[in-house]
Amino acid sequence: MRHILRRREVVEDDWRVPGEVGADEAGNPALIVPFAEFRTDIAKWRAYSGRLGVRLSPADAVEDLADDIQRLSLVAAEFPTPGEGRGYTQGRLLRSRLQFKGELRAVGAAVKQDLLFILSRCGFDSFELAAGQKIEEALKALDRYSVAYQPAEPVPSIRQQRYRAAG
């Protein structure tokens, strides 16, 4: 079972991706589909009865999710390399322009503890750490700085997210 940081807690990840163990179980598990797959068969995913998430690659335009943002419980932005920064912008746009209230997750090889503070300032509230990262140390990294010089995106309260997950 994969562990992630969610809302400053270490938790077992209850989300699956297509083809992963548990993703094909009856009962429609919480599922994260790649954005390209979501757009290819949008009617299928709009009819999906379980919790639904979308994984964005750096080149994907978040504006293309506008019609479906209320349906999504999670959006995962990919950070494949340390120099790839488009996920930060995706996070800010999801929170500010699209008013996304669900879980915003950072995923990929570049999600390392030294970036978590900045990611959280962009609206991310969960993190699937890169291989080799120590999750307890990463948790401490979120409180490494007490002062920030730029404004941040507000992260929805836990209460708002639970309401969305239940609906």
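Structure: see above.
Keep in mind that what you see is a predicted model, and the values were worked out from it rather than measured.

Definitions and cut-offs
Residues numbered from 1 in each chain as written. Predicted model: local features only at pLDDT ≥ 70, side-chain atom pairs only at ≥ 80, totals over all residues. Heavy atoms only, no water. Core = buried A, V, L, I, M, F, W, Y, C linked by side-chain atoms within 4.5 Å. Buried < 20%, exposed > 50% of the residue type's maximum accessible area, 1.4 Å probe, protein only. Helix = DSSP H or I, 4+ residues; strand = E, 2+ residues; numbered from the N terminus. Contact = heavy atoms within 4.5 Å. Phe/Tyr/Trp six-rings, centres within 6.5 Å; stacked < 30°, edge-to-face > 60°. Polar contact = N/O pair within 3.5 Å; in protein donor to acceptor, adjacent residues only side chain to side chain. Pairing = 2+ DSSP bridges. Axes fitted to C-alpha atoms, helices over the stretch in contact; angles between N-to-C directions.

Asks: An account of the nonpolar core is requested, with residue identities and associated values reported.
Replies: One recurring pattern in soluble globular proteins: nonpolar side chains tend to sit buried together. Residues L65, L94 and F127 are the most contacted members of the largest nonpolar core, which totals 35 residues. Those elements that provide at least two residues to this core are strand 3 (31–34), helix 1 (35–40), strand 4 (52–56), strand 5 (74–78), helix 3 (86–96), strand 6 (103–107), helix 4 (116–121) and helix 5 (135–141). L94 has contacts with L56, V62, L65, I69, V75, Q99, F100 and L104, leaving out every residue within four places of it along the chain. Of all hydrophobic cores here, the second largest spans 6 residues; its members include W15, A30, I32 and L74.

Asks: Give me the environment of D114: which residues, what numbers.
Replies: Tracing the backbone shows D114 in the loop between strand 6 and helix 4. Distance in space between the C-alpha atoms of D114 and E137 is 9.9 Å, their sequence separation being 23 residues.

Asks: Any details on the packing of aromatic side chains? Residues and values, ideally.
Replies: For the structure on display, the rule yields 3 aromatic pairs. When the centroid spacing of 5.2 Å and the interplanar angle of 70 degrees are considered together, the rings of F79 and Y88 count as edge-to-face. Of the two residues, F79 and Y88, neither departs from the other in class, the shared state being buried. Judged by centre distance (5.7 Å) and plane angle (70 degrees), the rings of F79 and F124 are edge-to-face. Pair noted here: F79 is in the loop between strand 5 and helix 3 and F124 is in the loop between helix 4 and strand 7 (126–127), with a separation of 45 residues, a long-range link. Both residues of the pair, F79 and F124, belong to the buried class. Taken together, the ring pairs connect F79, Y88 and F124 into an aromatic cluster.

Asks: Could you give an account of the side chain of Q113, with specific residues and numbers?
Replies: Among the secondary structure elements, Q113 is positioned in the loop between strand 6 and helix 4. Here the side chain of Q113 touches E137 through a polar contact of 3.4 Å, side chain to side chain. When near neighbours in sequence (up to four residues on either side) are disregarded, Q113 contacts Q133, E137, A138, A141 and R144.

Asks: Describe in detail the sheet that holds strand 4, supporting the description with residues and values.
Replies: Pairing within the open sheet is mixed, and its 7 strands lie in the order 2-1-7-6-5-4-3. Bordering the open sheet on either side are strand 2 (9–12) and strand 3, each of which pairs with just one other strand. Alignment of strand 1 (residues 3–6) against strand 7, held across 2 bridges, turns out to be antiparallel. Looking at strand 7, one finds that L5 is bridged to F127. On top of the sheet, helix 3 reaches strand 4, strand 5 and strand 6; it is set at about 180 degrees to strand 6, its chief contact.

Asks: Can you lay out the environment of A141 for me, pointing to particular residues and giving the numbers?
Replies: If you trace the backbone, A141 turns up in helix 5. For A141 and L116, which are 25 residues apart along the polypeptide, the C-alpha to C-alpha distance reads 6.8 Å. The contacts of A141, once residues within four sequence positions are left out, are Q113 and F117.

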